[in-house]
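# Notes for the structure review
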Amino acid sequence: MNIVNINTGTAHWLSAFPRLASIADAGWMEAVNAAREMILPAGTQVVHEQQACRDFLLIAGGCVRVYKVSSGGREIMLYSTRAGEVCILTLGSLLEGTDYFANAVTEDEVRAVMIPAAQFHAAMAHSADFRSFILSELSHRLRELMGFVEQVAFEPLELRLAC
């Protein structure tokens, strides 16, 4: 596994996040300056369940699969995080102050941005625009989850299997 740190001193990764790119306040800029941008090869384990969460993860390119493994070894995919999305797993862990509750692995080559927890919390405290972005991301994921639950609850199994 060959993880490549591509910090260049400029935040080119912000082009994948137009809303974040438009934020110019000091609270957010401190987080941007502390961010580490990396290239992760396909199959890289990004997060392990019960591991301490130390960074806020944004996906600037590629796809990360988030999943759980049962005690019997069965695996279920919870969701994917794609280019231009934040990792809800790291977001939830940082907001709650808990360890990761699932695993995450890269599906293909991923361009990931990691913002240390301390700078994430400072940006949440001092940047209204960043806070608004985070709340919007949570709301978007909640709507997706509600749509999925509606599909499972109300659409016939045969129709779901045919799709």
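Notes on the structure in this doc start here. (Residues numbered from 1 in each chain as written. Predicted model: local features only at pLDDT ≥ 70, side-chain atom pairs only at ≥ 80, totals over all residues. Heavy atoms only, no water.)

## Quick look at the packing of helix α3 (residues 88-96) against helix α5 (residues 128-154)
With their axes 11 Å apart at the nearest point, α3 and α5 run at an angle of 120° to one another. By the angle between their directions, the pair α3 and α5 is classed as oblique. Between α3 and α5 lies a crossing whose hand is left-handed. Side by side, α3 and α5 meet where Ile88, Leu91 and Leu95 of the first sit next to Ile134, Glu137, Leu138 and Arg141 of the second. (Axes fitted to C-alpha atoms, helices over the stretch in contact; angles between N-to-C directions. Helix = DSSP H or I, 4+ residues; strand = E, 2+ residues; numbered from the N terminus. Parallel < 35°, antiparallel > 145°, perpendicular 65-115°, else oblique. Left-handed = near helix turned anticlockwise from the far one by under 90°. Contact = heavy atoms within 4.5 Å.)

## Some remarks on the side chain of asparagine 103
With respect to the helices, strands and loops of the structure, asparagine 103 is situated in strand β8 (residues 103-106). Here the side chain of asparagine 103 touches glutamate 49 through a polar contact of 2.9 Å, landing on its backbone nitrogen. Those residues in contact with asparagine 103 that lie beyond four places of it in its chain are Gln45, Val47, His48, Glu49, Arg65, Val66, Tyr67, Lys68, Val69 and Leu89. (Polar contact = N/O pair within 3.5 Å; in protein donor to acceptor, adjacent residues only side chain to side chain.)

## Description of the side chain of aspartate 55
On the secondary structure map, aspartate 55 appears in strand β4 (residues 55-61). Only 3.2 Å separates the side chain of aspartate 55 from the side chain of arginine 36, close enough to count as a polar contact.

## So, α5
In this model, α5 (27 residues) spans 38 Å end to end at C-alpha, consistent with the 39 Å of a helix rising 1.5 Å per residue. Regarding α5, the residues found buried are Phe130, Phe133, Ile134, Glu137 and Arg141. (Expected span 1.5 Å × (residues − 1). Buried < 20%, exposed > 50% of the residue type's maximum accessible area, 1.4 Å probe, protein only.)

## Description of the packing of aromatic side chains
Per the stated rule, a full pass over the model turns up six aromatic pairs. Between phenylalanine 56 and phenylalanine 130 the ring centres are 6.3 Å apart and the planes differ by 80°, which places this aromatic pair in the edge-to-face class. Of the two residues, phenylalanine 56 sits in strand β4 while phenylalanine 130 sits in helix α5, which places them 74 residues apart along the sequence. Exposure class is identical for phenylalanine 56 and phenylalanine 130. Each is buried. Taken together, the aromatic side chains of Trp13, Phe17, Trp28, Phe56, Phe120 and Phe130 make up a single cluster linked through ring pairs. (Phe/Tyr/Trp six-rings, centres within 6.5 Å; stacked < 30°, edge-to-face > 60°.)

## Let's talk about the sheet that holds strand β3 (residues 45-47)
Spatial strand order, β3-β8-β5-β6: four strands in an open sheet with antiparallel pairing. Taken across any chain shown, the strands that pair with only one partner, and hence form the sheet edges, are β3 and β6 (75-82). Taking the axes of each pair of neighbouring strands and ignoring which way they run, one obtains an average angle of 30° across the sheet. One ladder, built from seven bridges, connects strand β5 (residues 63-69) with β6; its direction is antiparallel. Within the sheet, the bridge partner assigned to arginine 65 lies in β6 and is serine 80. (Pairing = 2+ DSSP bridges.)

## Quick look at a nonpolar patch on the surface
Residues Leu142, Leu145, Met146, Phe148, Val149 and Val152 make up a contiguous nonpolar surface patch of roughly 570 Å² in combined accessible area. Turning to its location among the elements, leucine 145 is positioned in helix α5. (Patch = residues over 30% accessible without salt bridge, like charges linked within 9 Å, V, L, I, M, F, W, Y side chains within 5 Å. Areas by Shrake-Rupley, 256 points an atom, 1.4 Å probe, with all protein chains shown as cover. Salt bridge = Lys/Arg side-chain N within 4 Å of Asp/Glu carboxyl O.)

The analysis is restricted to geometry; functional conclusions fall outside its scope.
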